[in-house]
Structure formats: structure tokens, C-alpha cells
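Spelled out, the chains give:
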Amino acid sequence: MTAALLLVLMGATAAPPTYLVERVVTLGSTSTRLSVFRNGVAVLVRSATGENGSLVRQPLSEVELLVLTQVVEECYPELVRFGELGKGPGEGRVELRLAPPGRDPLLIRFALTAAPTLATSRITQALDGVEARMERTNVSREDLHDWQPSVGDRVELEDGRVVEVKDVLLGPEGMVVHAQVGEGPVSIFLSADDLRRLALRRVAK
């Protein structure tokens, strides 16, 4: 089954876009937008006509952002070459926006039932992975990239535990955080980077 693939190269703008890649899927009255920004923050917005929408905002790990950036950069040239590939049935539509650094922003629109190209398949697979992970946690993650743990700080981890920083030590490989789990006697030692990766948000005392 073939499908229409409309490609539009957007003209240069005064300021470059802040996103790396963005996908908007519209099916009936429901719209799902996944945006990955160049600073590594991902935002998932799902809305339906007449209903309150939901928003999940989470920073990606450095590895996730690196892999996604590589996929976008590798697929961009193939998508630029494609024009019209036919037309497919169905009301569902997809808008895919790519803006790798140093390239003109690219907008592609195609039917949800489209027979995918290799490039659209790779990008779809990568974005599906990000979206699935965000839906599993189903909570907004505070951006803690620049957070420097200090004694007394309390954070909620991905697994629901709340830990309080009891000490910050300098080890041979960097900063090590000694944290108490909840109100009990259990404590853990993590590198500051691992704690930032596992923490969802800071918690007030």
C-alpha cells in the first residue's frame, strides 16, 4: 500500500528552531505531539477536542539524545530527496518536523496508514521508544541537569522512593552522594550523575 508523502523545506528564519525533532499524530479528534528539544528536554502532549489535555515533560539522558540526534541527521538527506509517493486511505495524519543543527528545518506530512520509507521507519521507531518510556513513568520529570546535590536536599526517585542527601563526598571519579531512603535506617551511595538521572523531582521538607 502506497501513501502520499508531502515534503516542504521551510525557509530560513531569523532564529533557528529550538527543537531537534517533533511529531504530531492526529487521529479523529485526538492529537498527540512529541517534541524533543535541542537541550535534551522531551515534551509529550496529548489532547482531544472538548477535553483537558495531558502534558509530560522529561529530560532525556545524554545517550538518548545522542542516539536520536544521530538518527535525525542520518535520515534527513533521504527525506529531502523524496517527493510524492502516492496516497493512502484513512483520516489519521502525521506531521514530522526535523531540525538537525546546521540544516534547514524540514516538514513532512503523510497519512498514518502510509507505507513507511526506511528513513521514516527509523525516526518513528526512535520516537516511539521515547514516547513509550515517558508514558511508563507518566509523570513530569524536573530538569535536574544543573542541580548540584547538597546536604538536606530531598528528591523523589523514579521508583517512588524519597531520599535525603546526608553527605556529599569527593571521590577519585567525582562527586559521591550519601543519601538516606525515607525515614528508615537504609542509606545509599550514588554518584551525583546517577542521582540526577534517577531523580524525578526535588521534594520540599
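See above for the structure.
Residues numbered from 1 in each chain as written. Predicted model: local features only at pLDDT ≥ 70, side-chain atom pairs only at ≥ 80, totals over all residues. Heavy atoms only, no water.

**Q** Can you break down the overall build of the chain residue by residue, with the values?
**A** The helix and strand tally for the chain stands at three helices and twelve strands. The long-range fraction of contacts in the chain, counting pairs at least 24 apart against all pairs at least 6 apart in sequence, stands at 58%. In the structure as shown, the chain presents an accessible area of about 11,500 Å², 55% of it carried by carbon and sulfur atoms. (Helix = DSSP H or I, 4+ residues; strand = E, 2+ residues; numbered from the N terminus. Contact = heavy atoms within 4.5 Å. Areas by Shrake-Rupley, 256 points an atom, 1.4 Å probe, with all protein chains shown as cover.)

**Q** Any details on the pattern of salt bridges? Residues and values, ideally.
**A** Evaluation of the coordinates by the stated rule reveals 15 salt bridges. Here Arg 33 makes a salt bridge to Glu 22, at a shortest N to O gap of 3.7 Å. In this pair, Arg 33 sits in strand S3 (residues 30-37) while Glu 22 sits in strand S2 (residues 19-27), placing the two residues eleven residues apart along the sequence. Taking relative accessible area as the criterion, Glu 22 reaches 11% and is therefore assigned buried. One salt bridge in this structure joins Glu 95 and Arg 97, with 2.5 Å as the shortest N-O distance. What emerges from the salt-bridge pattern is a single network uniting Glu 22, Arg 33, Glu 95, Arg 97 and Arg 109. (Salt bridge = Lys/Arg side-chain N within 4 Å of Asp/Glu carboxyl O. Buried < 20%, exposed > 50% of the residue type's maximum accessible area, 1.4 Å probe, protein only.)

**Q** Give a description of the nonpolar core that names residues and reports values.
**A** Val 21, Val 36, Leu 96, Leu 98, Ile 123 and Leu 127 are the most contacted members of the largest nonpolar core, which totals 27 residues. Counting residues per element, this core draws most heavily on helix H1 (residues 62-81), which supplies seven residues. Ranked by size, the runner-up nonpolar core spans 14 residues in total, among them Leu 144, Val 181, Leu 190 and Ala 192. (Core = buried A, V, L, I, M, F, W, Y, C linked by side-chain atoms within 4.5 Å.)

**Q** Report on the side chain of Ser 35, specifying residues and quantitative values.
**A** Its place among the elements puts Ser 35 in strand S3. Using a relative accessible area of 0% as the deciding quantity, one classes Ser 35 as buried. In this view, Ser 35 contacts Val 21, Glu 22, Val 41, Ala 42 and Val 43; residues no more than four positions away in its chain are not counted.

**Q** With reference to specific residues and values, describe the environment of Glu 164.
**A** By secondary structure assignment, the location of Glu 164 is in strand S9 (residues 162-171). With 13 residues separating them in the primary sequence, Glu 164 and Val 151 have C-alpha atoms 7.8 Å apart. The contact partners of Glu 164, leaving out residues within four places of it in the chain, are Gly 152, Asp 153, Arg 154, His 178, Ala 179, Gln 180 and Lys 205.

**Q** Can you tell me about the layout of surface pockets, naming the residues and giving the values?
**A** By volume, the largest pocket is sized at about 450 Å³. Along the walls of the largest pocket sit 18 residues, with Leu 60, Ser 61, His 145, Arg 196 and Arg 197 positioned nearest its centre. Within the residue set of the lining of the largest pocket, elements represented by two or more residues are H1 and helix H3 (192-198). If one sorts the elements of the lining of the largest pocket by residue count, H3 sits on top with five residues. The residue makeup of the lining of the largest pocket, split by class, is five nonpolar, two polar and eleven charged. (1 Å grid on protein atoms, 1.4 Å probe; cavity = no way out; pocket = protein on both sides within 12 Å on 5 of 7 lines; lining within 4 Å. Points joined across faces, edges and corners; volume = space filled by probe spheres on them. Nonpolar A, V, L, I, M, F, W, Y, C, P; charged D, E, K, R; others polar.)

**Q** I'd love a proper account of the pairing of strand S4 (residues 41-48), names of residues and values included.
**A** Buried residues dominate S4, accounting for six of its eight residues. Where S3 lies against S4, seven bridges are found, and the strand directions are antiparallel. Bridging across to S4, Ser 31 finds its partner in Ser 47. Turn length for the S3-S4 hairpin, with the two strands adjacent in sequence and antiparallel, is three residues, and the turn residue Gly 40 shows positive phi of about 95°. (Pairing = 2+ DSSP bridges.)

**Q** Can you break down H1 residue by residue, with the values?
**A** Its 20 residues place the ends of H1 30 Å apart at the C-alpha level, agreeing with the 28 Å of an ideal helix rising 1.5 Å per residue. In the structure, H1 departs most strongly from a straight axis at Cys 75, where the bend amounts to approximately 35° and where the proline Pro 77 lies between one and four residues downstream. Residues of H1 that are buried include every one of Leu 65, Leu 68, Thr 69, Val 71, Val 72, Cys 75, Tyr 76, Glu 78 and Leu 79, and no others. (Expected span 1.5 Å × (residues − 1). Bend = angle between axes of the 7 residues up to and from the residue.)

**Q** Which residues make up the sheet that holds strand S8 (residues 154-157), and what are the values?
**A** One open sheet holds the five strands; their spatial order is S11-S10-S9-S8-S12, and the pairing between them is antiparallel. With one partner strand each, in any of the chains shown, strand S11 (187-191) and strand S12 (199-202) form the two edges of the open sheet. Each strand of the sheet is rotated relative to its neighbour by a mean of 40°, with strand direction disregarded. (Axes fitted to C-alpha atoms, helices over the stretch in contact; angles between N-to-C directions.)

As far as function goes, none of this settles anything; it's purely spatial.
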